[in-house]
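# Structural features, examined
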Amino acid sequence: MIPLVLGITLVSFFIMHLAPGDFLTQMQLNPNVKPGTVERLRRDFGLNRPAYIQYLYWLRNIFEGNFGYSFSYKQPVFHLISQFLLATLLLAVTTLVFSWAISVPMGVYAARHQNGFIDRLMSIIAFSGISLPGFFVALLAMLWAQKTGWLPIGGMESPNYDALSPVGKVLDIAEHLVLPTFVLGTRELAGTMRQMRGNLLDVMNENFIVAARARGLKESVVVWRHGVRNAMNPLITLFGFDLSGLLAGAALVEYVMNWPGLGRLLLSAVLSHDLYLVMGSFIMGAVLLILGNLVADILLAVTDPRIKLN
Amino acid sequence: MPSNDSPDNEQIKEQTDRIVPSLAESPEPMRSTQDTRAERQMLTGLSAKAAKSLSSKTPTQLAWRKLRKNRLAVLSLAILIVMYLTAFFGQFIAPYDYTSQDITSSFRAPVTIHWTPWPIVYDQTSHFDQYHFMIYTDDRSKPHRLLFFVHGTPYKFLDLFPTDLHLFGIAGNDKVYLLGTDQFGRDYFSRILYASQISLSVGLIGISLTLIFGLLVGGISGYYGGWIDDLIMRLCEVIMSVPDFYLLLALAAALPPTLNPLEVYILIIAMLSLIGFAGMARIIRGMVLSVREREYVEAARALGVSNFKIITRHIIPSTYTFSIVTATLAIPGFILAEASLSFLGLGIRDPMASWGNMLSAAEDLSSLEQHTWLLIPGFLIFITTLTFNFLGDGLRDALDPKSR
Amino acid sequence: MDEPLLSVKNLVTQFATDDGLVKAVDDVSFAINEGESLGVVGESGSGKSVTALSIMRLVAKPGRIVSGSISFSGQDLAKASDKKMRDLRGNDIGMIFQEPMTSLDPLYTVGYQIREAVELHQGLHGDVARIAAIKALSDVGIPNPGERVDSYPHQLSGGMRQRVMIAIALSCNPRLLIADEPTTALDVTIQARILDLLISLQRSRSMALMLITHNLGIVAEVCDRVIVMYKGKIVEAKSVDELFKNPEHPYTRSLLNSIPRLDSPLKTPLPTVDWDDS
């Protein structure tokens, strides 16, 4: 785990140095920046020293929680990231719950009624779901919102958010959550549903299913207790992988729909060449992914007795 | 209760089990979470059984026959061939090139073709309406016949053959805007065709690079093992641990803004391939590992066949099935990634056209409501991705030895 | 004991394949009496497994029982309701399969899978069910059943897993045990032990046994009577002694001949089954 994180820091540092020019010169030219800030940054990050020393400085700073300073937002990077992180997590969690709650039962149904009407219909939905570009669906959703006015057009909070009661605040955020969740969720859903269907079909051909029936168990018990349980396992391992896709997809959707999340932060940082912010969000994204994989591994070890954690 | 002097059958059996454990089959070795994750991470949909049964060499004819039965896959293949052919001949099919601007024709709607019975379009006059939107109306006094195989703006077909032949066009100064124009008055239809060249080729070239490097690196890593294997796998792990899109963004941000469009194009493809190859190398390595221990490889080694020959003649061909399916299913990923980057302005840059960067014009919602044809590139991306997915799915079923 | 326990008459089970309808079981009739052991011999594809699955009504699509009757304890299993079949499976009729490595659900303990049968058919729950599971394990000769009951299948060897399968099948005291090639996938030495186990269990419980195998040697050891199947039909049905002394059908004869003999001279090529009705 540790070498992995170190490796990632190396990669991001390397990328940072690929960017041409010394961004500090840019800052110096910016009249809004106090001269002392530039000097302080120069010192803190050792920008006068050779690259590998800079890396060590940077590493030390990270451990102290100093991720650098954002030029466009005029705040410490760490502070910014923690704000935006919550929004992304909220969106990610609701999307996962929404999509899995629908895709698992539907996948099971499709497998049980193979080649039936619903199966074919779901197959089409699934294929469409994974083929539509996320940002395109987001655009369409925004267009629809604008035309019908039923749901807010992007953003996380209404302009009058602060004036709302606590319940009102929750409802307001929920209202804003609907479209982004739907946009992200349909893509998620599509993939998981096909997975579930495929897995279940494979599992139902296994010998232990026949043996379970030979014990006199009801078909529904055989399907759910033995079939679906076994079919779920590969899905859990994919969870970490899904998370990566989710974070990626979320970035674009956040951008188009103005959801104030980590992805959008990274995007705006990239577009404005705000390098420390880019690196900070980048590392945060990687950490999230690693955590996601870790959660998946733990879940798998808990549910599958054949796996041991290493 | 058995006495100590005369052990009963139970005890004998127990002792035999302990003394000669090899007689009883040993239980399955525990697998680590890393192995399962790597194995499943990219086996999306591939039945685990089919992946394990590498020994089945499916004859190509059998696979082709199975594929033909899948009408959806065949239809998708046909559509893709048509699309790629259209892109290939894009310069010919497009009446104009992708840069000629005409501000006076900004945001013209797709032209209406009147069949009289010969296709006819009218010149258009423009004026501002009360909302300050430009309105175009047909000027019926100036009809133009739609002509085919006309001589228009000169271009170099494939950068090699200079010519000026176009599929269709009209005489005179005005232009026929089949799909309208964009903000700068550039013919949308032509831009879409030129964009298709970029967007479609990125996928193909990118996947070829990823395949080659993935096979090479995975093959070497799996075959030689040892510290080479460890090093390469660590590297791949690091690359795979970063959400691909974030990595892509970060790399794109590092690109200097002074590159010319061609260099941008090449670098984008390089970046996409780099990110994709890590996962592929890892899976290939896994497959190589399992094939390496097979008897026919041992036999080849015993015969003195060189390592290189073993890798290229025996081991890599066993990965073909997986490679073909993964490649086909990965192309949509490349296309979407390029589209996303270009949409954000980080990929293919103006004036070079790509479906992604053409869609960025759709971000302005109020303008979008008026000019809905701006969404067309999105649907084109959708169709391309969809057909590749259908084809890939069909290929997977056709090559899976376990399916009927 | 006048009525046979199981009486199969003119059973036909068909599969709808891409190449047309295939009769895996083609007009098969035989009977098993209480406490008797019947061997069903034949090569792969002869229809012996499908016969067994037909009796249990576990034939998977695209196969189905087309005609005939399967009379068990006065009921026709070919026409019985799904609910009736479920009552019988694992309860009056038990079945064990060829592949012990994959016949147990890897995600549940061995004890759990035994308890499923016991809870369902005998209404036992909780601790009582657990004790019944432990007893079932010890009945099949698994050492340390008290601990083993909480093991997962992957922690057990092939021979042990097969014993567990037998324990599950026997947990509710069935009157008939169908064993479909129970030892084919096991080591020779383990084979012998499993067969011994089957014989002793059969005797101690007066259970009928239908043993499906392609190995005549096993039949000779375990069974009272034998039927020989070829391409879905029964070509010979005799007691074991008579079959070995006096095989009539050319297929049976060539099967017997193909067993290598200890007293054959060295360097004679091993005989194969060379009879074919095509």
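Computed from a predicted structure; not experimentally measured. Once a new chain begins, its residue numbering starts again from 1 and follows that chain's sequence as written. Labels are handed out in written order, letters beginning with A for the chains and numbers beginning with 1 for the ligands. At least 70 in pLDDT is required for a residue's local features to be given in this predicted model, at least 80 for side-chain atom pairs to be given and counted, and no such filter applies to totals for whole chains, interfaces and linings, which use all residues. In computing side-chain values, all of the structure's heavy atoms are included and hydrogens and water are not.

## What about the overall build of chain C?
Inclusion rule: A run of H or I in DSSP becomes a helix once it reaches four residues, and a run of E becomes a strand once it reaches two; helices and strands are each numbered from the N terminus. The buried label goes to any residue with under 20% of its type's maximum accessible area, the exposed label to any with over 50%, and the partly exposed label to all in between, with areas taken from a 1.4 Å probe on protein chains only. The criterion used for residue contact is that any of the two residues' heavy atoms lie within 4.5 Å. To be clear on the numbers: accessible area is Shrake-Rupley with a 1.4 Å probe, and residue cover counts the displayed protein chains and nothing else. In this tally, Asp and Glu contribute negative charge and Lys and Arg positive charge; neither His nor the terminal groups of the chain are included. In this description, the location of a charge corresponds to atom NZ of lysine, CZ of arginine, CG of aspartate or CD of glutamate.
In terms of regular secondary structure, chain C is built from 10 helices and 10 strands. Dimensions along the principal axes, computed over C-alpha positions, put chain C at roughly 55 × 50 × 45 Å. Each of the 278 residues in chain C was classed as buried or not, and the buried ones make up 51%. Looking at chain C alone, contacts between residues at least 24 apart form 65% of all its contacts between residues at least 6 apart. For chain C, the computed accessible surface area is about 12,500 Å², with 50% contributed by carbon and sulfur atoms. Averaging the locations of the 29 positively and 35 negatively charged side chains of chain C gives two centres separated by 2 Å.

## Digging into the nonpolar core
As a reminder, the rule being used: Only buried residues count toward a nonpolar core. Its members are Ala, Val, Leu, Ile, Met, Phe, Trp, Tyr and Cys residues joined through side-chain atoms within 4.5 Å.
Ranked by size, the top nonpolar core spans 151 residues in total, and within it Met257 of chain A together with Leu249 and Trp355 of chain B carry the most contacts. Setting aside its immediate chain neighbours within four residues, Met257 of chain A contacts Ala138, Ala141, Met142, Gly154, Gly155, Leu179, Pro180 and Val183 of chain A. In terms of nonpolar packing, the next biggest core, distinct from the first, is built from 82 residues, Phe72, Val164, Tyr251 and Leu256 of chain C among them.

## Here's the deal with helix 1 (residues 48-56) of chain C
Helical periodicity: at 3.6 residues per turn, an α-helix aligns residues three or four positions apart in one direction. Residues and elements named next belong to chain C. Taking burial as the measure, the nine residues of helix 1 include seven buried ones, the bulk of the element. Lys48, Val50, Thr51, Ala52, Ser54, Ile55 and Met56 are the residues of helix 1 that are buried. At the C-terminal side of helix 1, Arg57 shows a positive phi close to 55°.

## So, the sheet that holds strand 1 (residues 6-17) of chain C
Within a sheet, neighbouring strands are paired by backbone hydrogen bonds and run either parallel or antiparallel to one another. Residue and element names in this part refer to chain C. Inclusion rule: By this definition, two strands are paired if DSSP reports at least two bridges between them.
Ordered by their spatial adjacency, four strands build an open sheet running 2-1-4-5, and the pairing between neighbours is antiparallel. Where the open sheet ends on each side, the last strands, each with one partner, are strand 2 (20-32) and strand 5 (75-76). As judged from the 10 bridges shared by strand 1 and strand 2, these two strands associate in the antiparallel manner. Residue pairing in the sheet places Leu11 in a bridge with Val28 of strand 2.

## A closer look at the pattern of salt bridges
Threshold: Any Lys or Arg side-chain nitrogen found within 4 Å of a carboxyl oxygen on Asp or Glu counts as a salt bridge.
In the structure shown here, the tally under the stated rule is 20 salt bridges over all chains. Here Asp393 of chain B ties to Arg194 of chain A by a salt bridge, and the two come within 2.8 Å at their closest N and O atoms. Highlighted residues: Asp393 of chain B in helix 16 (residues 376-399) and Arg194 of chain A in helix 8 (residues 166-203), drawn from two different chains. For Asp393 of chain B, a relative accessible area of 14% corresponds to the buried category. Taking the relative accessible area as the measure of exposure, Arg194 of chain A reaches 27% and is therefore partly exposed. For Arg225 of chain A, the salt bridge goes to Glu116 of chain C, with nearest N and O atoms at 2.5 Å. Taken together, the positions of Arg225 of chain A in helix 10 (residues 219-257) and Glu116 of chain C in helix 3 (residues 110-122) put the pair across two chains. On the basis of relative accessibility, which here comes to 28%, the residue Arg225 of chain A falls in the partly exposed class. Classification of Glu116 of chain C by relative accessible area gives buried; the value is 4%. Within this structure, Arg112, Arg213 and Glu219 of chain A form a network of salt bridges that share partners.

## What to know about the domain arrangement of chain C
Residues and elements named next belong to chain C. How we decide: Where each domain begins and ends follows an automated or database-derived domain assignment. By buried area we mean the combined loss of accessible area, with a 1.4 Å probe, across both parts when two parts are placed together. Pairing of N or O atoms within 3.5 Å defines a polar contact, subject to two protein rules: one partner must be a possible hydrogen donor and the other a possible acceptor, and residues neighboring in sequence count only if both atoms are side-chain atoms.
Domain annotation of chain C identifies domain 1 (1-92 + 177-254) and domain 2 (100-173). Placing a centre on the C-alpha atoms of domain 1 and another on those of domain 2 gives a separation of 24 Å. Each partner contributes to the interface: domain 1 provides 17 residues, whereas domain 2 provides 13 residues. The contact between domain 1 and domain 2 buries some 1,300 Å² in all, and 62% of this surface belongs to carbon and sulfur atoms. Contact with domain 2 buries area across many residues of domain 1, yet Asn91, Leu197 and Arg205 alone supply 36% of it, more than any other trio. Taken together, the connections running from domain 1 to domain 2 amount to one salt bridge. The salt bridge involving Arg205 is made with Asp139; its shortest N-O contact spans 3.0 Å. Where domain 1 packs against domain 2, one counts five residue pairs in polar contact (both at pLDDT 80 or more).

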